[in-house]
Amino acid sequence: MRDGATSGALLDWYDIHARDMPWRVSPADRAAGVRPDPYRVWLSEVMLQQTTVAAVRDYFARFTALWPTVGDLAAAEDGRVMAEWAGLGYYARARNLLKCARAVVRDHGGVFPDTREALMSLPGIGPYTASAISAIAFDRAETVVDGNVERVMARLHDVHTPLPAAKPELTALAALHTPEARPGDYAQAVMDLGATICTPRSPACGICPWRDPCAARAEGTAPELPKKTPKKQKPVRHGVVFVGRRRDGAWLMERRPESGLLGGTLGWPGTAWVAVSEEVPEAIPPAEAEWRLLPAEALHTFTHFHLRLSIMVAEGLPASGGETASATLRPGAQGWVPRGDFRPSDMPTVMRKAFDLARSAMDNDA
């Protein structure tokens, strides 16, 4: 049985305190009949996975300026989309973004389906994203559970089972509070509550609209919830990259294969990344030159491991081969990107770190 009292109190709070976001229709506008754009809801939800709202705002603004509709995005060049995504991380999302946009255009006439089940048939849309789109864009009473919602439910019901084992229990509890009326506003309200009031540290229980029914507040356990199973220590991998510049200023670059980590992104040629207990595969330079090893490494942390990249640099590489615009460099291929077309921001963070170290060394040698 759904709990209408708690959802009503939260919606009253949301009507006053809703966060202003570029992809969101405000409660007042929603009440006046303004409908959310499913394309903008979908795009924001994909961008927000594993990322903060602050990090996403500028990316969302650029994407919607470049590609205002799902049809525009579906027609975009893969390399351009990957370049605009660079730095946001989890690059499989960008690849699936294009696949999904093209499926919507090809199979649904450019119109997003409005049910959770139909949305889940699209590339890159899983249970959470399908629930969020169907609730927020189409006002369907789907239960939307992200990390904020898990924390809120764990405290509201004083659940001490550690995550991730607690996920089914917390999802079932969240479903009890999901209303039939205004489910889209409610989904955003409970996420806002977790982001602004029921925060991971020092929750502001005194001004929370759910302070009275909150079992963890009554028990004094709110700050310690949700409990989490300790994470295993991340392993360390290492590898080598080659940062080379031709005499005319062009850079020798590669686009990684579409599958795998950083798939489809622009970066530097190099070796595979292996465990530190293993010997790095032979680092064969991609061009004839006097390559030298920098004393500093590019350090980066991914979800499942830490990475240490040794950096080989060379300048004045011979002018062999033509030039390739970075956006048209095919997956798995290497090419010379002309100086005027080279933008460090088109690369993922780890490759930019390597470039910054290489450029600093090159500038010092100049």
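Predicted, not measured: the structure shown is a model, and the values here were computed from it.

Novice: Residue-level account of empty space enclosed by the protein, with values.
Specialist: With the rule as written, the count across this model stands at two cavities of 30 Å³ or more. Here the largest cavity is characterised by a volume of approximately 130 Å³. Every residue lining the largest cavity is counted, 15 residues in all, and those nearest its centre are Arg155, Cys198, Cys208, Trp210 and Cys214. The greatest single-element share of the lining of the largest cavity, amounting to three residues, is contributed by helix 10 (residues 147-156).

Novice: An account of the side chain of threonine 265 is requested, with residue identities and associated values reported.
Specialist: Position of threonine 265 relative to the elements: it lies in the loop between strand 2 (251-255) and strand 3 (266-267). For threonine 265, the side chain forms a polar contact with the main-chain oxygen of leucine 262, separated by 2.6 Å.

Novice: Outline the packing of helix 3 (residues 38-48) against helix 9 (residues 127-138), listing residues and values.
Specialist: Where helix 3 meets helix 9, the closest approach of the two axes is 9 Å, and the angle between their N-to-C directions is 145°. Judged by the twist between their axes, the crossing of helix 3 over helix 9 is right-handed. Taken together, the residues of helix 9 that come into contact with helix 3 (itself represented by Pro38, Val41, Trp42 and Glu45) are Tyr128, Thr129, Ala132, Ile133, Ile136, Ala137 and Phe138.

Novice: Tell me about the layout of surface pockets, residues and numbers included.
Specialist: Of the volumes computed, that of the largest pocket is approximately 1,700 Å³. Lining of the largest pocket is provided by 40 residues; of these, Gln50, Asp146, Gly147, Asn148 and Glu150 occupy positions nearest its centre. Counting residues per element, the ones that place at least two in the lining of the largest pocket are helix 3, helix 9, helix 10 and helix 12 (183-196). Class assignment of the residues belonging to the lining of the largest pocket gives a composition of 16 nonpolar, 12 polar and 12 charged. In this structure, the second largest pocket occupies an estimated 600 Å³ of space. Around the second largest pocket, the lining is made up of 31 residues, and of these Gly89, Tyr90, Tyr91, Arg93 and Thr303 lie nearest the centre. If you list the elements that add at least two residues to the lining of the second largest pocket, you get helix 3, helix 7 (92-108), strand 6 (298-301) and helix 14 (349-365).

Analysis parameters
- Residues numbered from 1 in each chain as written.
- Predicted model: local features only at pLDDT ≥ 70, side-chain atom pairs only at ≥ 80, totals over all residues.
- Heavy atoms only, no water.
- 1 Å grid on protein atoms, 1.4 Å probe; cavity = no way out; pocket = protein on both sides within 12 Å on 5 of 7 lines; lining within 4 Å.
- Points joined across faces, edges and corners; volume = space filled by probe spheres on them.
- Helix = DSSP H or I, 4+ residues; strand = E, 2+ residues; numbered from the N terminus.
- Polar contact = N/O pair within 3.5 Å; in protein donor to acceptor, adjacent residues only side chain to side chain.
- Axes fitted to C-alpha atoms, helices over the stretch in contact; angles between N-to-C directions.
- Left-handed = near helix turned anticlockwise from the far one by under 90°.
- Contact = heavy atoms within 4.5 Å.
- Nonpolar A, V, L, I, M, F, W, Y, C, P; charged D, E, K, R; others polar.

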